[in-house]
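Now for the letters of each chain:
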Amino acid sequence: PSTSVASREEWERNVCALTYDELDVQSIARSVGDDGAGATVVFVGTTRNNFRGTVIYLRSYQAYSKLAVKTVTEIVRNAHDDSVKRATNSTSTSHLISCAVHHRLGTVPVGEASIVIAVSSPHRQEAFVACEQILEGVKQKAQIWKREYYEGEDEEKAEWKANYS
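Here goes a summary of the coordinates provided. Just so you know, these numbers come straight off a predicted model, no measurement behind them. (Residues numbered from 1 in each chain as written. Predicted model: local features only at pLDDT ≥ 70, side-chain atom pairs only at ≥ 80, totals over all residues. Heavy atoms only, no water.)

### Some remarks on the sheet that holds strand β8 (residues 113-121)
Here we have five strands laid out as an open sheet, ordered β1-β2-β6-β8-β3, and mixed in their pairing. Both edges of this open sheet fall to β1 (7-11) and β3 (39-46), since each of them pairs with a single strand only. Taking the axes of each pair of neighbouring strands and ignoring which way they run, one obtains an average angle of 5° across the sheet. Looking at chain direction, β3 and β8 are connected through eight bridges and run antiparallel. Each bridged residue has a counterpart across the sheet, and for V42 the counterpart in β8 is A118. (Pairing = 2+ DSSP bridges. Helix = DSSP H or I, 4+ residues; strand = E, 2+ residues; numbered from the N terminus. Axes fitted to C-alpha atoms, helices over the stretch in contact; angles between N-to-C directions.)

### A short note on a negative patch on the surface
Side chains of E153, D154, E155, E156 and E159 sit close together on the surface and give a patch of like negative charge. Tracing the backbone through its elements, the reader meets E159 in strand β10 (residues 159-162). Among the residues examined, E159 registers a relative accessible area of 56% and is labelled exposed. (Patch = residues over 30% accessible without salt bridge, like charges linked within 9 Å, V, L, I, M, F, W, Y side chains within 5 Å. Areas by Shrake-Rupley, 256 points an atom, 1.4 Å probe, with all protein chains shown as cover. Salt bridge = Lys/Arg side-chain N within 4 Å of Asp/Glu carboxyl O. Lys, Arg positive; Asp, Glu negative; His and termini not counted. Charge placed at Lys NZ, Arg CZ, Asp CG, Glu CD. Buried < 20%, exposed > 50% of the residue type's maximum accessible area, 1.4 Å probe, protein only.)

Purely geometric numbers; function is a separate question.
Okay, here's the thing in structure tokens:
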């Protein structure tokens, strides 16, 4: 059986999801909303149409889903922990309220979202810091791989790449 399957982990007001469905950016952003949030930061990563001068017409993602969801969950938990440490070590009482990370699997055409990260916090700085921390953690650590298909090349020549490139 395939290890690249839809998967989801939810706890408190946080969610990490791998899905073959198109990502609904507005819905994901609303999912972290809170009356105590003065900031909601949303990052949307999309399939671009080129890589180092070569035209991309398609990108595909696969994951070792069971492990990838655990890894992304740990990344989000670490972002929460780090925000508490930063608040403890400063005059700020800001902390994260809620985080959502949704990563698409399967075929993702040019222009469509492959990852959406939404973070809410009482203040913008903490939300921006956490969103970037989560994005870099997912790209570096999550067991998710991409395959890019280039214009003018046979599909068999498309190579799997680490998600961090």
